[in-house]
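In case you want the letters, here they are:
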Amino acid sequence: MAADTTSLKYADERDKSYGLVGMAITLMACDGQNLLAQISLDAEPDSDFEMSHEFFFRGNPRMAAKYMWNSDLRHLGIAARMILGNAVCRTYVLRGRRSLSDEQTVAIRSILREVAEENCALVSEEADSLFDESYSFVHRLFSHVGVHSIADRFSDELRRRRSMSASEVVDLLGQLGVR
């Protein structure tokens, strides 16, 4: 990976909980709650936000290539928004800033370009367009003050429970007003 991802690493457990919460809220806003398996503060970084098998399902060889590519592109868009939701929730809600740092933006854009080229054969300009659209979506979502209080309460509950299944995440967000 070419980009320096140091600016994306979690500072502590509280920072990690806001990152996971940002991903969960973003996934719900993308209507992708069926793609979540569980979240866990105690899991290793690659296992702390576990997606369901449907997220990774590549389909059947008899499916049309266009259908498969569109599915991959949709999942890439959701993943881009979730990565940004992680960073934006930590930055906007936890730290009270109104934009990502240049280092964060460069690192996430670089990761997205790499994954977009590998998984969907997108060129840099197409990946940048996906980044810009995803960042705009997540920026609007986490600029809403009501989302801040939801993220704060969700983060507190996640730190108390340590891990949550997909249904527990959906139930808690529903109780907090996210439908």
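It should be noted that the structure appears before, not after, this text.
The rules behind these values
- Residues numbered from 1 in each chain as written.
- Predicted model: local features only at pLDDT ≥ 70, side-chain atom pairs only at ≥ 80, totals over all residues.
- Heavy atoms only, no water.
- Phe/Tyr/Trp six-rings, centres within 6.5 Å; stacked < 30°, edge-to-face > 60°.
- Helix = DSSP H or I, 4+ residues; strand = E, 2+ residues; numbered from the N terminus.
- Buried < 20%, exposed > 50% of the residue type's maximum accessible area, 1.4 Å probe, protein only.
- Lys NZ or Arg CZ within 6 Å of the ring centre and 35° of its normal.
- Pairing = 2+ DSSP bridges.
- Axes fitted to C-alpha atoms, helices over the stretch in contact; angles between N-to-C directions.
- Contact = heavy atoms within 4.5 Å.

Trainee: What's the story with the packing of aromatic side chains in this structure? I'm lost.
Mentor: To describe a pair of aromatic rings, you give the distance between the ring centres and the angle between the ring planes. What the rule picks out here adds up to one aromatic pair. Relative to Tyr 135, the ring of Phe 131 lies with its centre 6.1 Å away and its plane at 5°, an arrangement referred to as stacked. With Phe 131 and Tyr 135 both in helix H5 (residues 124-143) and four residues apart, this pair spans about one turn of that helix. For Tyr 135, a relative accessible area of 21% corresponds to the partly exposed category. One Lys or Arg, Arg 81, reaches over the ring of Phe 137 and ends 3.8 Å from the middle of that ring. Above the plane of the ring of Tyr 92 lies Arg 98, whose end atom (NZ or CZ) is 5.6 Å from the centre.

Trainee: Sorry, what's going on with the sheet that holds strand S2 (residues 49-51) here?
Mentor: Within a sheet, each strand pairs with its neighbour through backbone hydrogen bonds, oriented either parallel or antiparallel. The three strands are arranged S2-S1-S3 in an open sheet whose pairing can be described as antiparallel. Strand pairing shows two members of the sheet lacking a second neighbour, S2 and strand S3 (163-165), which therefore form its edges. Shown here is a sheet whose adjacent strand axes are inclined to one another by a mean of 10°, direction ignored. Sheet topology places strand S1 (residues 36-40) next to S2; three bridges connect them, and they run antiparallel. The partner of Ile 39 across the bridge, within S2, is Phe 49. On top of the sheet, helix H1 (residues 13-29) reaches S1 and S2; it is set at about 30° to S2, its chief contact.

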